[in-house]
Number of protein chains: 4
Amino acid sequence: MNVAIHRPPVMSFASDNIAGASPEVVQALMKHINGQASAYGSDPLSQQVKRKLSEIFEREVEVFLVTSGTAANSLCLSSMTPPWGNIYCHPTSHINNDECGAPAFFSDGAKLLTIDGPSAKLDVERLRARICEKLGDVHTTQPACVSITQATEVGSLYTLDEISTIGEVCKTNGLGFHMDGSRFANALVALDCTPAQMTWKAGVDALSFGATKNGALAAEAIVLFNPALVTEMNYRRKRSGHLLSKMRFLSAQIDAYLTDDLWLRNARQANAAAQRLARGLVGLRGVKVPDGTEANILFCKLDPAIIDALLKAGFGFYHDRWGPNVVRFVTSFATTAVDVDYLLGEIRGAVDRLPG
Amino acid sequence: MNVAIHRPPVMSFASDNIAGASPEVVQALMKHINGQASAYGSDPLSQQVKRKLSEIFEREVEVFLVTSGTAANSLCLSSMTPPWGNIYCHPTSHINNDECGAPAFFSDGAKLLTIDGPSAKLDVERLRARICEKLGDVHTTQPACVSITQATEVGSLYTLDEISTIGEVCKTNGLGFHMDGSRFANALVALDCTPAQMTWKAGVDALSFGATKNGALAAEAIVLFNPALVTEMNYRRKRSGHLLSKMRFLSAQIDAYLTDDLWLRNARQANAAAQRLARGLVGLRGVKVPDGTEANILFCKLDPAIIDALLKAGFGFYHDRWGPNVVRFVTSFATTAVDVDYLLGEIRGAVDRLPG
Amino acid sequence: MNVAIHRPPVMSFASDNIAGASPEVVQALMKHINGQASAYGSDPLSQQVKRKLSEIFEREVEVFLVTSGTAANSLCLSSMTPPWGNIYCHPTSHINNDECGAPAFFSDGAKLLTIDGPSAKLDVERLRARICEKLGDVHTTQPACVSITQATEVGSLYTLDEISTIGEVCKTNGLGFHMDGSRFANALVALDCTPAQMTWKAGVDALSFGATKNGALAAEAIVLFNPALVTEMNYRRKRSGHLLSKMRFLSAQIDAYLTDDLWLRNARQANAAAQRLARGLVGLRGVKVPDGTEANILFCKLDPAIIDALLKAGFGFYHDRWGPNVVRFVTSFATTAVDVDYLLGEIRGAVDRLPG
Amino acid sequence: MNVAIHRPPVMSFASDNIAGASPEVVQALMKHINGQASAYGSDPLSQQVKRKLSEIFEREVEVFLVTSGTAANSLCLSSMTPPWGNIYCHPTSHINNDECGAPAFFSDGAKLLTIDGPSAKLDVERLRARICEKLGDVHTTQPACVSITQATEVGSLYTLDEISTIGEVCKTNGLGFHMDGSRFANALVALDCTPAQMTWKAGVDALSFGATKNGALAAEAIVLFNPALVTEMNYRRKRSGHLLSKMRFLSAQIDAYLTDDLWLRNARQANAAAQRLARGLVGLRGVKVPDGTEANILFCKLDPAIIDALLKAGFGFYHDRWGPNVVRFVTSFATTAVDVDYLLGEIRGAVDRLPG
């Protein structure tokens, strides 16, 4: 874990979207500012990105680059559902809470049906029961696809078995299977598996492969494993204003992101920071840390006096949204051991000041 | 006009979207890769962009940055029309031909009604007649807004008077007025007027302020002069996936673009290249050049043997789309005098080889 | 309660949409088959319907006739919400379960948010809490309107106080207020209040005034109390194919329905049949009837052997959808005392055969 | 042609939607007001309508009844085009001018592209050229389907050969083929061919089979010859509010319409009235009648003094919309020889009063 950057410690652990970008990504842009390249993705660099992702996923994939996760998710979902379709997702999912109804907009009105389950993961038995309801009943929107987030919005992980089981449910029932991978790399290095195992080998049809949160400026790759979705995606992307003319600058970001394992190194850094933080919190008075922080999000319970102290010291984080005294810390590729230790130092100081 | 770059001459004059980017723009990105900034546009840099644009337009404006012209246009139009509205535009307009129906998608089905006119500019008398048809008739879509492109898709310019006249028609009839300014800077320096004169002083409500074609990587600013459109725009942008999380990287592009008149310098370079080309073509055998190339697009008629010779030499451009032997050359901020002279040299050689 | 019709007893209590129509309604159609009338609602009969409804509601109202409840509901809702709006409704509501996503289609993607509460009535305290969530947060769909069903889908009734309280919440928070009145007359006669009290005096903006279930062939009136919705409704109705050319035939149905209190007489007949059934069931072995059947829907619990016996005898009704052994009986304007007694006779026979 | 009805002569020739209805249609409704029938089209009468239409079209067809032509047209078109599709139609077509953008609403934004041609019929050579433009170009909406009106909006007829030629173009190019048959019966009896010849044998995939203008109250049948459209149509109809609960009352109209050739008798009456009118006008001073009135619409040129005289006498018709002094007379199933002769008498009187 990198500790050498000379700068004031990072003070906000509110989200991974407040970080900057990896220098390699911007340097790649600089390489392409001169010269001409054909527009809209027919340039050599965009072709190279497709080849790299095909190698990484160990099969031919189709790639559509866009600049936001909301766009990637909604484009995937709208290519998998008719306007009268149901999209099954967890109540805490980003598509349900944080995209201002984008899936309904892109799909002309498809319905998000939430399937609850612990740790922000949808329960497959509930899913099985739900998708059998009112099948073929013209009065009701009909099962169309399932969307899961990996790593989830609370930092938990679907195991490979869990993904495969959902994949089988989808296949058996003719449903599309989408993975919102805005923290794909964090999940991958935590599970220590291959990209293929975590996606198409488990039945995933379409992936929102996130890069923005993990070092890019604004770059997400829609990766399609199901070739039936390709033609439609082309028109959907253009029609929604997400086909960039100077595509090479989007491709350059993803290309740099995939080069020399930058994406994996960045994710390991973010995950390691969260784990370092978790280890440092264990056993402190006034602090409760659950087992098993694997990705880059840590939920814990802090004594209100500790929360106050941190806020006064200028730290940024969300608290009391998920229950009283519950605090969420998010680390990123830019979070160093020094940053974590600085935060831990403040927490320990506040613990020491707690009344006996 | 800059002539000093040491590189092979630029060979394609097909479009301004095949150019790269201004170094200043990418250098600005590099400045912001470290440190944290709040997301979604609440960062200081994004606020600064709003202030700069307010200064440039000599009034308070609201700014919404996006990454494509199609997004900027459709977001503006959809905030100005109900689903049963008419959007009046020229038949050759980008929104009519080149956006895969995006305005209809964003607006839930509004109708593009084309108003013809010479030089790709809609004829205001035809507009006047058209917007009176079937007013209030529930069987027919109803007048909602007018969209013009400045500079137009063929490189021509609406005069300030022409814009004002359309603005008055809009105001009198309660219609919104949108300007697709994907070549806004090229038009501005050609007309030698102020941004205020070319927009809100002439009645424009919403502007797609283009930067991508003129030196940015992927950055367009929706500039709203009509405050009634602001709240809606916020939700429309998010809902369509066009609100970037790391907004500072989009703001950094526009900020650099506006700094030290980069945007005006770039546009002047592009326009000068087109004029140098036009001057060089005048009087050549087998070549017909119309008067008055003002922006960065030049249409001319070339003897077919000249066209063949240029294609064989590896030049890129569109031809025979707008009539037999009609050729379109597009220059950009990256086109130098050397590039133009190289092209002219080839043309002159081909002319010399024409049979007497 | 009418008992005199000579026909075999009605055997199905599954829904009120399986009944036929009132003779008066069809006779009214016959009156208008000759002669000419202007189309699309400008005929005198359509104007008369508007006047009659204005009298009934004790104020000027705007009326838009359509042929289905789904159309009436979705047209009302879509005129009260932007595409990024929330429509609050009970989980059991028709708009949530039985319209195949029509509200999302008509509104270009607005979201149904369910507010639970006992007896299929949304709990106003939960509503209050919910509509304050994430106000103005661009990442989330925003509060737009509330929809309640009167009488509800399970036959319960909102009291006037309950409606007024919801109306106040809507007014205070700038939300539209819609009432799905597909069983409006049944609710009205049960509450013994005026149409004005049950609607606009309690804050309702738009009403789906149902007639089909209560004696018409296919006729529902959208009644608007909020004049701000009128212009938009005109275009929305036409654009969705719900403006009939020979409107007089739709108007004739509603006109007859309102003449000589046919609508109230029909509703009383349906309600009386349900109450007669409830009274007959009280105290029978193997039968549990809840208190307070007020409208035309009766839920009860029957011993499985009774259910089997009724099914074998050819009766039609839904059962075991709302819990084990729960049976729903729906009566209509066409249900007579004879019909009810015939059903009761069968039930009593089955009770007698129950093992001691 | 029926001349025996004792009533004042019909004075309006403005449209066929101002007529009433055939008594047989309303009598059929009366038959079904008692008794119960299952809802939403699963009743025996609705099944019978499907069988009757299958017999009439000499093959198995799928039938979806709705209450307006706009609904029938838009449901057909939206099941044949993606949101980014082109619908080719004549500029004068009802879908282009008179449905308030319904096709765009139902299809989430598909584009109407007009193909001109004489007599309100689209020119097949222009169609051929148009559908090859920008094929597969992601920047442009793509060819999806063709819609023709039979008889057209001006009363002209596509010959069987013309329909077949368009059908071949559609088949060869993978386009859907829709026929707006709001005057289907008038065209059929004029061409003296079979329903099969005029539709699926000529390549039509989906037909809006009109009954409202020709004797029903409000009833149109979507007839699908292409089984691939069936599943989707079911959901589209429900979702747009066009699935009636008491479907038997819609079915009863169509059933009566098809019984004992009522639909053909009505159409013959309307056509005969137009032809009687045309014959009566031939040779009059101040009157020009084109050859070949075949269906129930007659265009002619009248001296302005004649127009004035008719208006003063209280006749209703459209004039001066299609050119100076051009008058359109529309007859219907309810127009008798007496009505025509009464109009002709007035015209002859006005002719006699014309200055020498």
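Located above this text is the structure these notes cover.
Described in the following lines is the structure provided in the data block.

### Quick notes on the overall build of chain A
So, point 1. Scanning chain A for helices and strands turns up 14 helices and 11 strands.
So, point 2. A globule of 356 residues ought to have a C-alpha radius of gyration of about 21 Å, and chain A, at 21 Å, matches this closely.
So, point 3. The 356 residues of chain A split such that 63% are buried.
So, point 4. For chain A, the share of sequence-separated contacts (at least 6 apart) that also reach a separation of at least 24 residues comes to 74%.
So, point 5. Element-wise, carbon and sulfur atoms account for 50% of the exposed surface of chain A, whose accessible area totals about 12,500 Å².
So, point 6. Charge-centre separation for chain A: the mean point of 34 positive side chains lies 3 Å from the mean point of 36 negative side chains.

### A word on helix H11 (residues 248-258) of chain C
Residue and element names in this part refer to chain C.
So, point 1. Here H11 lies mainly inside the structure; 11 of its 11 residues are buried.
So, point 2. Turning to H11, its buried residues are Arg248, Phe249, Leu250, Ser251, Ala252, Gln253, Ile254, Asp255, Ala256, Tyr257 and Leu258.
So, point 3. At the C-terminal side of H11, Asp260 shows a positive phi close to 50°.

### Some details on the relation of the copies chain B and chain A
Note on the chain copies: they are related by a rotation about an axis and a translation along it.
So, point 1. Overlay of chain B on chain A (RMSD 0.1 Å): rotation 180°, translation along the axis 0.0 Å. Expressed as a symmetry operation, the mapping of one chain copy onto the other fits a two-fold axis.
So, point 2. The overlap is high: 100% of the interface residues of chain B also sit at the interface in chain A, so the same surface is used on both sides.

### Remarks on the relation of the copies chain A and chain C
So, point 1. For the pair chain A and chain C, the best superposition has an RMSD of 0.1 Å and corresponds to a rotation of 180° with a translation of 0.1 Å parallel to the axis.
So, point 2. When the interface residues of chain A are mapped onto chain C, 100% of them are again interface residues, pointing to one common binding face.

### A look at the state of the cysteines
So, point 1. As enumerated under the stated definition, the model contains 0 disulfides over all chains in all.
So, point 2. Lacking any disulfide linkage, Cys76(A) is separated from the closest cysteine sulfur, that of Cys145(A), by 9.7 Å.
So, point 3. Classification of Cys76(A) by relative accessible area gives buried; the value is 0%.
So, point 4. Looking at Cys132(C), it has no disulfide partner, and the nearest cysteine sulfur is the one in Cys170(C), 12 Å off.

### Looking at empty space enclosed by the protein
So, point 1. Inspection of the entire model under this criterion finds 15 cavities of 30 Å³ or more.
So, point 2. Taken as a whole, the largest cavity encloses approximately 220 Å³ of empty space.
So, point 3. Every residue lining the largest cavity is counted, 18 residues in all, and those nearest its centre are Gly69(A), Thr70(A), Lys213(A), Tyr40(B) and Ser245(B).
So, point 4. With 3 residues, helix H3 (residues 69-78) of chain A is the single largest residue contributor to the lining of the largest cavity.
So, point 5. For the lining of the largest cavity, the class distribution of residues is 3 nonpolar, 10 polar and 5 charged.

### Quick look at the packing of aromatic side chains
So, point 1. Using the criterion set out here, one finds 58 aromatic pairs over all chains in the structure.
So, point 2. Note on Phe105(C) and Phe106(C): the rings are 5.5 Å apart at their centroids and 75° apart in plane angle, and the pair reads as edge-to-face. For the pair formed by Phe105(C) and Phe106(C), the shared burial category is buried.
So, point 3. Through a chain of ring-to-ring contacts, the aromatic side chains of Phe57(A), Phe184(A), Phe209(A), Phe225(A), Tyr257(A) and Trp263(A) assemble into a single cluster.
So, point 4. Against the face of Tyr318(A) rests Arg321(A), its NZ or CZ located 4.4 Å from the ring centre.

### Overview of the sheet that holds strand S8 (residues 287-288) of chain D
All names here are of chain D.
So, point 1. Strand order in the open sheet formed by 4 strands is S8-S9-S11-S10, with antiparallel pairing between adjacent strands. Each having just a single partner strand, S8 and strand S10 (318-319) make up the two edges of the open sheet.
So, point 2. When S8 meets strand S9 (residues 297-302), the two strands line up antiparallel, connected through 2 bridges. Counterpart to Val287 in the pairing with S9 is Leu302.

Parameters at a glance
- Residues numbered from 1 in each chain as written.
- Chains lettered and ligands numbered in written order.
- Predicted model: local features only at pLDDT ≥ 70, side-chain atom pairs only at ≥ 80, totals over all residues.
- Heavy atoms only, no water.
- Helix = DSSP H or I, 4+ residues; strand = E, 2+ residues; numbered from the N terminus.
- Rg over C-alpha atoms; globule rule 2.2 N^0.38 Å.
- Buried < 20%, exposed > 50% of the residue type's maximum accessible area, 1.4 Å probe, protein only.
- Contact = heavy atoms within 4.5 Å.
- Areas by Shrake-Rupley, 256 points an atom, 1.4 Å probe, with all protein chains shown as cover.
- Lys, Arg positive; Asp, Glu negative; His and termini not counted.
- Charge placed at Lys NZ, Arg CZ, Asp CG, Glu CD.
- Least-squares fit on C-alpha atoms with pLDDT ≥ 70 in both.
- Disulfide = S-S within 2.5 Å.
- 1 Å grid on protein atoms, 1.4 Å probe; cavity = no way out; pocket = protein on both sides within 12 Å on 5 of 7 lines; lining within 4 Å.
- Points joined across faces, edges and corners; volume = space filled by probe spheres on them.
- Nonpolar A, V, L, I, M, F, W, Y, C, P; charged D, E, K, R; others polar.
- Phe/Tyr/Trp six-rings, centres within 6.5 Å; stacked < 30°, edge-to-face > 60°.
- Lys NZ or Arg CZ within 6 Å of the ring centre and 35° of its normal.
- Pairing = 2+ DSSP bridges.

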